[in-house]
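What follows is the residue order along each chain.
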Amino acid sequence: MLRNTTRFRRVATGTLLIVAPLLQLVAVIVDPGTWGDDREAVSYGDNPALAQLQSVLYHWSWLLMAVAAVGVLHFVRRRAVAFGHITGVVTVLGYMNLSSLLMTDPVEWWLGQRYPPEQAQRMLDEITGLPHSTFGFMLPGMIGIAALPLLLTAVWRAGAVHWWVPAAVAVGYVVSFPVPYSPLTILFWALPVVALGAFGVKVLRMGDGAWAAYYPAAPGLTTPDSYAKTTA
């Protein structure tokens, strides 16, 4: 498979579309803050092992989602090209920024071990409320999440998914923004697991020929050399 770039990209993209949102769902399930106090200064103290586990799961979920978004761009090579690639780039950069925010987790734990919860939260808010944190990391991360259903909308316009896939991802991630972090979040984030997972299974099952059909008709220029040789 490693010698066949078409198959490698297809399998990698399909697998990540399944794994990345699933890791995020597992993260919110094991997170002590989901079931108790959503302030990590408190939840880290309640169960440090699970709190660290959820942080690692979120980290890898968001990094892998960025890679998956790169793979999804394959489906907008012919149709919705500009819209798809713009939203795709925003999605990739956004999810990479989200991962960087997890570096505040050990800071919250450290503050929570030394100060009352209210004081620890106030100090953390002052740290994360700095302009560089807000505009350099937090805001791009939120925009990246919102861009994912837009990217999938472009993929729908290209004919690769049904309309309900971007709709379910939009409801699961974007609509959940104002919802307090709680067990209800699990229900919201389960929707993208189903939608993206179904897309991932379709990619895994579609075969190399169906995947290669999304390349522009310019063999040797925009098509992998391996595919160009097999179709020559």
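What this report covers is the structure whose coordinates are included nearby. The model shown is predicted, which means the values in this text are computed figures rather than measured ones.

Definitions and cut-offs
- Residues numbered from 1 in each chain as written.
- Predicted model: local features only at pLDDT ≥ 70, side-chain atom pairs only at ≥ 80, totals over all residues.
- Heavy atoms only, no water.
- Salt bridge = Lys/Arg side-chain N within 4 Å of Asp/Glu carboxyl O.
- Helix = DSSP H or I, 4+ residues; strand = E, 2+ residues; numbered from the N terminus.
- Buried < 20%, exposed > 50% of the residue type's maximum accessible area, 1.4 Å probe, protein only.
- Core = buried A, V, L, I, M, F, W, Y, C linked by side-chain atoms within 4.5 Å.
- Contact = heavy atoms within 4.5 Å.
- Expected span 1.5 Å × (residues − 1).
- Patch = residues over 30% accessible without salt bridge, like charges linked within 9 Å, V, L, I, M, F, W, Y side chains within 5 Å.
- Areas by Shrake-Rupley, 256 points an atom, 1.4 Å probe, with all protein chains shown as cover.
- Phe/Tyr/Trp six-rings, centres within 6.5 Å; stacked < 30°, edge-to-face > 60°.
- Axes fitted to C-alpha atoms, helices over the stretch in contact; angles between N-to-C directions.
- Parallel < 35°, antiparallel > 145°, perpendicular 65-115°, else oblique.
- Left-handed = near helix turned anticlockwise from the far one by under 90°.
- Nonpolar A, V, L, I, M, F, W, Y, C, P; charged D, E, K, R; others polar.

**Observations concerning the pattern of salt bridges**
Consideration 1: Summed over all chains, the structure comprises three salt bridges.
Consideration 2: As a salt-bridge pair, Arg 7 and Asp 208 come within 2.7 Å of each other at their nearest N and O atoms. Placement of the pair is Arg 7 in helix H1 (residues 5-30) and Asp 208 in helix H11 (residues 207-212), with a sequence separation of 201 residues.
Consideration 3: Among the residues examined, Arg 7 registers a relative accessible area of 37% and is labelled partly exposed.
Consideration 4: Close ionic contact of Arg 122 with Glu 126 constitutes a salt bridge, the shortest N to O distance being 3.1 Å. Of this pair, Arg 122 and Glu 126 both sit in helix H7 (residues 117-128), four residues apart, which is roughly one turn of the helix.

**Considerations on the nonpolar core**
Consideration 1: By size, the foremost hydrophobic cluster in this structure holds 49 residues, and its most contacted members are Phe 75, Tyr 95, Leu 148, Val 155 and Phe 199.
Consideration 2: Counting residues per element, the ones that place at least two in this core are H1, helix H4 (48-72), helix H5 (81-100), helix H8 (131-157), helix H9 (164-174), helix H10 (183-205) and H11.
Consideration 3: Once residues lying within four places of it in the same chain are set aside, the contact partners of Phe 75 are Val 155, Ala 158, Ala 160, Phe 199, Val 203, Met 206, Trp 211 and Tyr 214.

**Topic: H10**
Consideration 1: Its 23 residues give H10 an end-to-end C-alpha distance of 33 Å, which sits within 8% of 33 Å, the value for a rise of 1.5 Å per residue.
Consideration 2: For H10, the set of buried residues is Thr 185, Ile 186, Phe 188, Trp 189, Pro 192, Val 193, Ala 195, Leu 196, Gly 197, Phe 199, Gly 200 and Val 203.
Consideration 3: Directly after H10, the chain includes Gly 207, whose backbone phi takes a positive value near 85 degrees.

**Observations regarding a nonpolar patch on the surface**
Consideration 1: A surface patch of nonpolar side chains, about 470 Å² in accessible area, is lined by Ile 86, Val 90, Phe 135, Leu 139 and Ile 143.
Consideration 2: Following the sequence through the fold, Val 90 ends up in helix H5.
Consideration 3: Overall, Val 90 belongs to the partly exposed group, its relative accessible area being 31%.

**Looking at unusual backbone geometry**
Comment: phi is negative for the bulk of residues other than glycine, and the bulk of peptide bonds are trans.
Consideration 1: For Ala 80, which is not glycine, the phi torsion reads 55 degrees and is therefore positive.
Consideration 2: Exposure remark for Ala 80: the relative accessible area of 18% places this residue in the buried category.

**Comments concerning the side chain of Gln 54**
Consideration 1: Structurally, Gln 54 can be placed in helix H4.
Consideration 2: Since its relative accessible area comes to 1%, Gln 54 is described here as buried.
Consideration 3: The residues contacting Gln 54, other than those within four sequence positions of it, are Ala 27, Val 30, Asp 31, Glu 40, Tyr 44 and Asp 105.

**Quick word on the packing of aromatic side chains**
Consideration 1: Throughout the structure, instances matching the rule amount to seven aromatic pairs.
Consideration 2: Arranged with centres 4.9 Å apart and planes meeting at 75 degrees, the rings of Phe 75 and Tyr 214 form a pair that is edge-to-face. Remark: Tyr 214 occurs in the loop between H11 and helix H12 (225-231) and Phe 75 occurs in the loop between H4 and H5; sequence separation between them is 139 residues. Take Phe 75 and Tyr 214: they sit in the same class, and that class is buried.
Consideration 3: Pairing Tyr 173 with Trp 189 gives two aromatic rings, centres 6.5 Å apart and planes at 75 degrees, and the pair type is edge-to-face.

**A word on the environment of Val 76**
Consideration 1: Within the secondary structure, Val 76 sits in the loop between H4 and H5.
Consideration 2: Along the backbone, Val 76 and Ala 158 are 82 residues apart, and their C-alpha atoms lie at a distance of 6.2 Å.
Consideration 3: The contacts of Val 76, once residues within four sequence positions are left out, are Val 81, Gly 84, His 85, Ala 154 and Val 155.

**Some details on the packing of H1 against H4**
Consideration 1: Between H1 and H4, the shortest axis-to-axis distance is 8 Å and the interhelical angle comes to 155 degrees. Considering their axes alone, H1 and H4 lie roughly antiparallel with respect to each other. Seen from above, H1 lies across H4 with left-handed handedness.
Consideration 2: Residue composition of the contact of H1 with H4, by class: 21 nonpolar, five polar and no charged.

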